[in-house]
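# Architecture at a glance
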Amino acid sequence: MSHKRIPKRKAAIAVGGVVALGAAAILLPSANASQDGAPDDAAAAPRTLKAGDASDLAARLAGTLGDAYAGAWYDGEGKRLVVNVVRGEGDMALKVRSAGAEVREVDNSMAELQAGAGTLKSEATIPGTSWAVDPRTNKILVTADSTVTGDKWDRLESTVESLGSGMATLKKSEGTFRTFVSGGDAIFAGGARCSLGFNVTAGDGSPAFLTAGHCAAAGDAWSDQQGGEPIATVDQALFPGDGDFALVRYDDPATEAPSEVNVGGQTVPIVQAAEATVGQQVFRMGSTTGLADGQVLGLDATVNYPEGTVTGLIQTDVCAEPGDSGGSLFTQDGLAIGLTSGGSGDCTVGGETFFQPVTTALEAVGATLGDGGGAGAGDQADGQDAGAEQDGAGGDQGVQEQSDMGSDRHSGLTRTH
């Protein structure tokens, strides 16, 4: 089943994992900076960064390096940004080091990887498949679910082989790609259950929330209780196509819609929307499985659901199940990252889950994050600095270290590794 409503206000959707910020300058050391005897490579060791800051640095370097840039990822253990530079671009590698990131020389340029993704789109758009650029391997990660067999598998495999050696990795998923219809709180319409993503302020200043676009197929009127009176109405929705998101307005304009995620027994304040970074530690909240965590695996992912193809998604190893659709993907220090779209597997055996980036959804529907009287992400930037260190102790957020969520899945923000 598909549902597509043309937004009343058109807005450009930024497709891609990292937006090049060409206006940001990276300052290089002067020609005599190493006259004190220190080697050039030692002039700037990799900086310790929070994941959100690493994403900003990656965006600046993408604009500075141009064709030499081949993606970036966040090393959560070392808390540093690793930037891929096409082999032989020594001057560009120096710029990366001077900016405080770690350099890795690779063979595949971003243009070559994007061309490969274009070939997959034209030759192998098969329901049950997905692909995304994985900067950690400098390849395209291609995944096929359990429905891709026989001629469909042969077609996919031959297309991957046609890209050439070292361009793509093909793997099989045991589950089936599907949207998760059955931040946190359950919402209901037409017998279906989804999850609320993030409260936002609509363009006219009224309270609203974001959820998955495919959830809107169940109906326009949504309730916070099964069989209850509607409290909100779908205003804009997109699925399939260039995203999977919906803006749902609260029927009562006086509704209090705080910028936070309910993780069961406590809330996590959401301070701003942010781009995802490969390698970043993220948390997902949904009305079926509660809290789960994992890592970002790929950006600008294409997923071929039975209902149609969706592009521009975030690929993760976070688990999810039916009813979790639309739920919040966020970081420990309060950054809104994504809305649960779909995937394969479950929270018993694991699997892949894809998310709609919050930043592109906000831009498309003309909304701003939270209830701050229309304040946008840029106006809330100071809140990021006040948040806990990414992957740190996070005492102010009540983060608990434990090896297995088990029955405590709903009890608070946890890390499972």
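As a starting point, this report considers the structure included with it. All values derive from a computational prediction rather than experimental measurement.

## Thoughts on the state of the cysteines
Going through the model one piece at a time under the given rule, you end up with two disulfides. Two residues, cysteine 194 and cysteine 215, share a disulfide whose sulfurs are 2.0 Å apart. Looking down the S-S bond of the cysteine 194 and cysteine 215 bridge, the torsion is -100°, so its handedness is left-handed. Separated by 21 residues along the polypeptide, cysteine 194 in strand S9 (residues 192-195) and cysteine 215 in the loop between strand S11 (207-211) and strand S12 (221-222) bring together distant segments of the chain. Side by side, cysteine 194 and cysteine 215 carry an identical accessibility label, which is buried. The side chain of cysteine 319 participates in a disulfide bridge whose partner is cysteine 347; the two sulfur atoms lie 2.0 Å from each other. Its S-S torsion of about 95° marks the bond between cysteine 319 and cysteine 347 as right-handed, since a negative value means left-handed. Here cysteine 319 is found in the loop between strand S20 (308-316) and strand S21 (328-330), whereas its partner cysteine 347 is found in the loop between strand S22 (335-343) and strand S23 (353-357), with 28 residues between them in sequence. The same class applies to cysteine 319 and to cysteine 347, which are both buried. When the cysteines of the protein chain that form disulfides are numbered from the N-terminus onward, they connect as 1-2, 3-4.

## Overview of a negative patch on the surface
On the surface, a cluster of negative charge is contributed by Asp151, Asp154, Glu157 and Glu161. Its place among the elements puts aspartate 151 in helix H4 (residues 150-162). You can call aspartate 151 exposed: its relative accessible area is 67%.

## Comments concerning helix H2 (residues 90-99)
Because the α-helix completes a turn every 3.6 residues, residues three or four places apart line up on one side. Within H2, the full set of buried residues consists of Met92, Ala93, Val96 and Ala99. Across the axial projection of H2, the buried residues extend over an arc of 125°, all falling on one side. Buried positions along H2 lie against helix H1 (51-65), strand S2 (80-86) and strand S3 (102-106). Once H2 finishes, glycine 100 follows within two positions and takes phi at roughly 100°, a positive value.

## A word on the nonpolar core
Core analysis: the largest hydrophobic core is formed by 26 residues, its most contacted members being Phe198, Val200, Leu210, Phe330, Val358, Leu362 and Leu369. Elements that contribute at least two residues to this core include exactly strand S10 (198-201), S11, strand S14 (245-250), strand S18 (281-286), S22 and helix H5 (358-365). The leading source of residues in this core is H5, at five residues. Judged by nonpolar contacts, the second largest core, of 21 residues, contains Leu49, Ala58, Ala62 and Val96.

Calculation rules
- Residues numbered from 1 in each chain as written.
- Predicted model: local features only at pLDDT ≥ 70, side-chain atom pairs only at ≥ 80, totals over all residues.
- Heavy atoms only, no water.
- Disulfide = S-S within 2.5 Å.
- Helix = DSSP H or I, 4+ residues; strand = E, 2+ residues; numbered from the N terminus.
- Buried < 20%, exposed > 50% of the residue type's maximum accessible area, 1.4 Å probe, protein only.
- Patch = residues over 30% accessible without salt bridge, like charges linked within 9 Å, V, L, I, M, F, W, Y side chains within 5 Å.
- Areas by Shrake-Rupley, 256 points an atom, 1.4 Å probe, with all protein chains shown as cover.
- Salt bridge = Lys/Arg side-chain N within 4 Å of Asp/Glu carboxyl O.
- Lys, Arg positive; Asp, Glu negative; His and termini not counted.
- Charge placed at Lys NZ, Arg CZ, Asp CG, Glu CD.
- Arc of directions from axis to C-beta.
- Contact = heavy atoms within 4.5 Å.
- Core = buried A, V, L, I, M, F, W, Y, C linked by side-chain atoms within 4.5 Å.

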